Protein chains: 2
Amino acid sequence: MKQKLAIGLVLGAAATAALAGPIEDQIRFRQSAYSFLGWNTAKIKAQAVDHPETFNKEEVVAAANAVAAVANSGLLGLYGEGSAEGTGWKPSRLKVEYFEKKDEVKEIEAGFIAEANELQKVAASGDVGAIKEQFGKVGKTCKSCHDLIRVRE
Amino acid sequence: MKQKLAIGLVLGAAATAALAGPIEDQIRFRQSAYSFLGWNTAKIKAQAVDHPETFNKEEVVAAANAVAAVANSGLLGLYGEGSAEGTGWKPSRLKVEYFEKKDEVKEIEAGFIAEANELQKVAASGDVGAIKEQFGKVGKTCKSCHDLIRVRE
């Protein structure tokens, strides 16, 4: 009975943490998520900010969907105890102070999700000016988090 | 005038290829996209296939949105000439035969997109059995591509 409960707890934890297994996996998955995010934000920046003459609605909508999907993917599940140190694809850049600032980060994440969801809506409208403006708001939430808990390179 | 045209072409190409810049960036971005995809497919597998008793609709919907976002992100833009060799986060596993099989891969990509879009719809329904079945269809498109153009580890 005790064993059954233990197995249940392990399964439950595995499913909730969803591959937040070994520290290195967590770090590698979050680095992958942010790189995929960066590829997609770069597409939006290129087409809605830097070179609006190259705007391609279909590509920007796809990129905004990707940004929203990353934002809503449960990234904080990849910030387990001990994950400020360790190497995924490269060494973690998470400040150890994160673990004292979890509540603040959770609030920033909520802002990131809200602004990314709004960007997804605005992108579907195809209004380049509005996309540029909303893209700036998403970027601010990224920066808040970087300033708070990411080691400068 | 000639110079202006040349600049225009460069800008156009930059925006279209959307950061498909140096070979190493392409490889790193595609490795990131597939790792982010793998993290999300693992969540769906855990909750809809292996341990349906842990099914959490909100998490599975978010994961299915992520799978669809990756599928629709224009991955083939990251398979430029020369990108079968080179190192992103790790050495590329793309077979050089890809460049003779582009049309076949494009067809597989279309299937991947269609099945991932369907998974996104089915996930929103919350029907675990239907999600499991549709998840299997997505997996088959992944495997087709792996068998065709990915070097075995």
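Since the structure is predicted, the reported quantities are computational estimates derived from the model, not experimental observations. (Residues numbered from 1 in each chain as written. Chains lettered and ligands numbered in written order. Predicted model: local features only at pLDDT ≥ 70, side-chain atom pairs only at ≥ 80, totals over all residues. Heavy atoms only, no water.)

This part takes up the interface of chain B and chain A. In this complex, chain B contributes 32 residues to the contact, which on the side of chain A involves 32 residues. Interface of chain B and chain A: buried area, both sides summed, is about 2700 Å²; carbon and sulfur atoms make up 75% of it. Across the chain B-chain A interface, the total number found is zero salt bridges. Going through the elements one at a time, helix 1 (2-17), helix 2 (23-50) and helix 3 (57-71) of chain B are the ones with two or more residues in the side of chain B that touches chain A. Residue contributions to the side of chain B that touches chain A peak at 10 residues, all from helix 2 of chain B. Residue composition of the side of chain B that touches chain A, by class: 16 nonpolar, 12 polar and four charged. (Contact = heavy atoms within 4.5 Å. Buried area = accessible area lost by both parts, 1.4 Å probe. Salt bridge = Lys/Arg side-chain N within 4 Å of Asp/Glu carboxyl O. Helix = DSSP H or I, 4+ residues; strand = E, 2+ residues; numbered from the N terminus. Nonpolar A, V, L, I, M, F, W, Y, C, P; charged D, E, K, R; others polar.)

Quick look at the relation of the copies chain B and chain A now. Here chain B sits on chain A after a turn of 180 degrees about the axis and a move of 0.0 Å along it, with an RMSD of 0.0 Å. When the rotation and shift are considered jointly, the pair of chain copies conforms to a two-fold rotation axis. For chain B, the residue whose C-alpha comes nearest the rotation axis is Ser32(B), separated from it by 2.1 Å. A share of 100% of the interface residues of chain B reappears at the interface of chain A, consistent with the copies meeting face to face through the same patch. (Least-squares fit on C-alpha atoms with pLDDT ≥ 70 in both.)

As a further point, take the layout of surface pockets. Considering only enclosed or pocket space, the largest pocket measures out at about 960 Å³ in volume. The wall of the largest pocket is formed by 34 residues, among which Tyr34(B), Leu37(B), Cys142(B), His146(B) and Arg150(B) lie closest to the centre. Put simply, the parts of the chain that give the lining of the largest pocket at least two residues each are helix 2 (23-50) of chain A together with helix 2, helix 4 (102-125) and helix 5 (128-149) of chain B. Partitioning the lining of the largest pocket into residue classes produces 18 nonpolar, nine polar and seven charged. (1 Å grid on protein atoms, 1.4 Å probe; cavity = no way out; pocket = protein on both sides within 12 Å on 5 of 7 lines; lining within 4 Å. Points joined across faces, edges and corners; volume = space filled by probe spheres on them.)

Residues and elements named next belong to chain A. At a minimum axis separation of 9 Å, helix 2 and helix 5 (residues 128-149) run at an interaxial angle of 135 degrees. Judged by the inter-axis angle, helix 2 sits oblique to helix 5. For the crossing formed where helix 2 meets helix 5, the hand is left-handed. On the side of helix 2, the interface is formed by Thr41, Ile44, Lys45, Gln47, Ala48 and Val49, while helix 5 contributes Val128, Ile131, Lys132 and Phe135. Within the contact of helix 2 with helix 5, the residues separate by chemical class into six nonpolar, two polar and two charged. (Axes fitted to C-alpha atoms, helices over the stretch in contact; angles between N-to-C directions. Parallel < 35°, antiparallel > 145°, perpendicular 65-115°, else oblique. Left-handed = near helix turned anticlockwise from the far one by under 90°.)

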